[in-house]
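# Descriptive structure summary
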Amino acid sequence: MPANVTVLVSIGRNPVSGRVRRAAADASALALALRIAGKEAVEVVHAGDAAAPGLRDYLGMGLPRLTVLPVSGNANPAPALLGYLRHRRPALILTGERAEAGEASGFLPYWLAGELAATLLPEVVDLRMEAEGWGAILAAPGGRRRRVCVAGSLVATMGRGATVAPLAAYGQARRGEIICEQTDTFAAAAESRVIKPARPRPKRLVATVAAQAGRGPQVGVAPEEAARMIADFLAGRGLLV
Amino acid sequence: MSEHQDGIRRRNPRRERDGRRTSSVVEPAPSVQAAQSEAAAGAAPRIDPRLRRRERQAAEPASTGVSVRAGDVTRIDQSSHYVLMVPDLERGRLSPADRITLGAARMLADADGGAVVLALMLASDEMLADDAGRAGVDRVVELRDAAFAAYDPQARAAAAVAIAEMISARHIVLSETRSQGGDLARRIAAALGGGLAVGVVRMTNASVTSVIDAGRREAIGPAPRVVAIDTAIFPAASAIQAREARPLAPPPVTLRSAIRDEGLVPMDPRTLPLAEAELVLSAGDGVTDWDAFHALAAALPAAEAGSRVVCDAGHLPRSRQVGASGTIVSAQCYIAAGISGSPQHLHGIADCRTVIAVNTDLHAAMVARAELAIIADAQAVMPALTKLVEERRHAR
């Protein structure tokens, strides 16, 4: 039976130590795929180096095999992935919202969805196959959750709000098989931009409300008056619905 | 002193300098070409950058637009190109992030005499509560469709693409906010082609600096078609000139989308993810009436949280702990009931926009941090606030 759920995985990097690891968002996507389709119906694809450390961590999540499309170091993996996915036509492509290293622009899922004429859903938390397509729960601003339905093929990305993937099992990671698929080779496009190490750039501080700051603590107010002040404060910021 | 003392001719440097000055007026003004022809004759190519700029400016007016100042409003009648800006809008207003992004759009437009076009995608009953002209917008395209009332990024992207194609926008600028501008920018870039720069932190003339490699490196290059601004870092425009905000007719579009919004899922405030919540009600050691606390959290509704002391005592689960050893919250408003505010706790709420403190101790650190501090017992204020919130909700 051909796989109908494809998970795209990348090699991650710890944001603090820079150590190579599995990408957290990709691992969440794989965990969700395994939950909704089972390990036999899930195909995991990585475009890059088959010997990359960290790749076996995905196998350790309970996968028998993993497909690698060989792409040289700094080449764009997108054309190789598109060629492969065009041929496979999965009903669902799951991946992390952006890579943890490299360009990491988060554009690849959008580009693939456009080329494959699939619908893209960002910030997916949960997903279920339904009669007429997919039912998804998305992370909405303010920690809320939104339910949407999508008909047809779907590219879903995971990031904020996604459940943290379980740890990888060492034995399973050793046993799993890495299969190299030969694809057309695409030369790396010439870089027209100047690439430099990032300069530390301070983030703008969240503006605190100066108008209220001058008022000082409210001493000796009755509970009802205090409640009214808090309710007005919240209503003024649109936080009371 | 004589110039011919002892038969030696002494030079007068001041007179010589004056002589040089008058002669330079007669000479033809030096130009880049002249300097280049000198360079071709064997001299090192030394070109004054000011000359280069002056010559470029002299050659430019044909390509740039015509701008007129009428009163305090700057008008661009014939723009050489358009820069489309798609705002996030926060309750019908331009958000602070939108204003910074408008500044970036202005820079891209001003580099070559272009005009900034604001794309408004509104549901039938929505309207922009801000003055777009005062925010520095030359043109406004207002597109109304019932689809914009629901969550439908596909329809919004299709509409933005239609507007961009109608005005043949040279650049489309958005703020890189989660679930809004950041998502839309990538959708538009996928539909239009012509490149995308995300996480843009600086801009000069038409070159952009974008952070890549998860913050480790940055790339500097010409601005692509779609530009997503990191509004937490991108510098805000210092002075904004008022513009005319002339309305343009929207393009005819039929929006079709594969995404069907089924609305927000009702959630138990106890399970609302703490790190993402907009409104957090947090309890400290000063809270003893836990029924009143839970009732207030449900009435607001707010995500429940607590200090380390409260979680240690088992009143709330460990996952609800705020602070250095718990969750770092970034709420719009953090209501601290009976929390004194240890440094570890204050570290956990450093990203919160506003803080309300209810505490019996006037000298608590949390009271100093709060925008609204009420010196009262939380046990009395919590039920009163629950009652008031429910009354106001019923009144509407």
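Only a predicted model underlies this, so the values are computations on that prediction, with no experimental measurement involved. Throughout, residues of each chain are indexed from 1 in the direction in which the sequence is written. Starting at A for chains and at 1 for ligands, labels are handed out in the order in which the entities are written. Reporting in this predicted model follows two pLDDT cut-offs: at least 70 for local features of residues, and 80 or more for side-chain atom pairs to be given and counted; totals over whole chains, interfaces and linings ignore these cut-offs and use all residues. As a convention, hydrogens and water are excluded, and side-chain values are obtained from all of the structure's heavy atoms.

## A look at unusual backbone geometry
Let me state the cut-off plainly: Only DSSP runs of H or I covering at least 4 residues are called helices, and only runs of E covering at least 2 are called strands; the numbering of each starts at the N terminus. Each residue is assigned to one of three classes by its accessible area relative to the maximum for its type, calculated with a 1.4 Å probe on protein chains only: buried under 20%, partly exposed between the two thresholds, exposed over 50%.
Of note, the bond from Leu300 of chain B into Pro301 of chain B is cis; its omega dihedral lies within 30 degrees of zero at -15°. Here Pro301 of chain B is to be found in the loop between α7 (290–299) and β17 (303–306). A positive phi angle is found at Arg89 of chain A, which is not glycine, with a value near 50°. Relative to the helices and strands, Arg89 of chain A is located in the loop between α3 (78–88) and β6 (92–96). In this structure Arg89 of chain A comes out as exposed when scored by relative accessible area, which is 55%. One non-glycine residue, Ala104 of chain A, adopts positive backbone phi at about 50°. Here Ala104 of chain A lies in the loop between β6 and α4 (108–115).

## Some points on helix α4 (residues 96–110) of chain B
Residues and elements named next belong to chain B. Formally: Multiply 1.5 Å by the residue count of a helix minus one, and that product is the helix's expected span.
With 15 residues, α4 should cover 21 Å at 1.5 Å per step; its first-to-last C-alpha distance of 21 Å lies within 8% of that length. Here α4 lies mainly inside the structure; 11 of its 15 residues are buried. Within the span of α4, buried status applies to Ala97, Asp98, Ile100, Thr101, Leu102, Gly103, Ala104, Ala105, Arg106, Leu108 and Ala109.

## Things to note about the interface of chain B and chain A
Often, the extent of an interface is quoted as the loss of accessible area upon association of its parts. Using the following cut-off: It only takes one pair of heavy atoms within 4.5 Å for two residues to be counted as in contact. Summed over both partners, the accessible area (1.4 Å probe) lost when two parts come together is defined as the buried area. The rule for a salt bridge is simple: a side-chain nitrogen of Lys or Arg has to be within 4 Å of a carboxyl oxygen of Asp or Glu. Within 3.5 Å is the distance limit for a polar contact, defined as a pair of N or O atoms, with the added protein rule that one can donate a hydrogen and the other accept it, and that residues adjacent in sequence qualify only through two side-chain atoms. Residues are grouped as follows: nonpolar covers Ala, Val, Leu, Ile, Met, Phe, Trp, Tyr, Cys and Pro; charged covers Asp, Glu, Lys and Arg; every other residue, Gly included, is treated as polar. Only when DSSP finds a minimum of two bridges between them are two strands counted as paired.
Listed as interface residues are 76 residues of chain B and, on the opposing side, 77 residues of chain A. When the area that chain B buries against chain A is broken down by residue, the three leading residues are Arg216, Glu218 and Glu276 of chain B, summing to 10%. In this structure, the connection of chain B to chain A is made through nine salt bridges. Note that Glu218 of chain B is salt-bridged to Arg201 of chain A, the shortest N-O span being 3.0 Å. The tally of links from chain B across to chain A stands at 27 residue pairs in polar contact (both at pLDDT 80 or more). The greatest single-element share of the side of chain B that touches chain A, amounting to eight residues, is contributed by helix α11 (residues 378–395) of chain B. A class-by-class count of the residues in the side of chain B that touches chain A yields 43 nonpolar, 10 polar and 23 charged. Pairing geometry for strand β14 (residues 218–219) of chain A and strand β20 (residues 372–375) of chain B, over two bridges, is parallel.

## A look at the sheet that holds strand β8 (residues 124–130) of chain A
The criterion, for reference: In this analysis an axis means a line fitted to C-alpha atoms, helices contributing only their contacting stretch, and an angle means the value between N-to-C directions, from 0 to 180 degrees.
Judged by pairing direction, the sheet is antiparallel, and its four strands sit side by side in the order β8(A)-β9(A)-β10(A)-β15(B) without closing on themselves. The two strands at the open ends of the sheet, each matched to only one other strand, are β8 of chain A together with β15 (259–265) of chain B. For this sheet, the mean angle separating the axes of adjacent strands, direction not counted, is 20°. In this sheet, strand β10 (residues 144–150) of chain A lies alongside strand β9 (residues 133–140) of chain A in antiparallel orientation, the contact comprising seven bridges. Among the inter-strand pairings, Gly135 of chain A is bridged to a residue of β10 of chain A, identified as Cys149 of chain A. Docked against the sheet, helix α1 (residues 24–37) of chain A engages β8 and β9 of chain A, running at close to 25° with respect to β8 of chain A.

## Regarding the environment of Asp126 of chain A
All names here are of chain A. Within the secondary structure, Asp126 is located in strand β8. Remark: the alpha-carbon pair of Asp126 and Ala136, spanning 10 residues in sequence, is separated by 5.7 Å. If we ignore the near neighbours within four places in the chain, the residues touching Asp126 are Leu32, Arg35, Gly135, Ala136 and Ile137. Reaching out from Asp126, the side chain makes a polar contact with the side chain of Arg35 at a distance of 3.1 Å.

## Considerations on the domain arrangement of chain B
Keep this limit in mind: Throughout the structure description, domain borders are defined by an automatic or database domain assignment.
Domain boundaries assigned for chain B yield domain 1 (66–248) and domain 2 (279–395). Measuring from the centre of the C-alpha atoms in domain 1 of chain B to the corresponding centre in domain 2 of chain B gives 38 Å.

## Thoughts on a positive patch on the surface
We count it as follows: Residues enter patches when they are more than 30% accessible in relative terms and free of salt bridges; like-charged ones are connected within 9 Å and nonpolar ones (Val, Leu, Ile, Met, Phe, Trp, Tyr) within 5 Å. Areas reported as accessible are Shrake-Rupley estimates using a 1.4 Å probe. Residue values count occlusion only from the protein chains shown. Here Asp and Glu are counted as negative and Lys and Arg as positive; His is not counted, and neither are the chain ends. Charge coordinates come from a single atom per side chain, which is NZ of Lys, CZ of Arg, CG of Asp or CD of Glu.
A contiguous patch of positive charge on the surface is contributed by Lys196, Arg199 and Arg204 of chain A together with Arg202 of chain B. As for its placement among the helices and strands, Arg204 of chain A is situated in the loop between β13 (194–197) and α6 (210–213). A residue is classified by how much of its surface remains accessible, and Arg204 of chain A, at 36% relative accessible area, is partly exposed.

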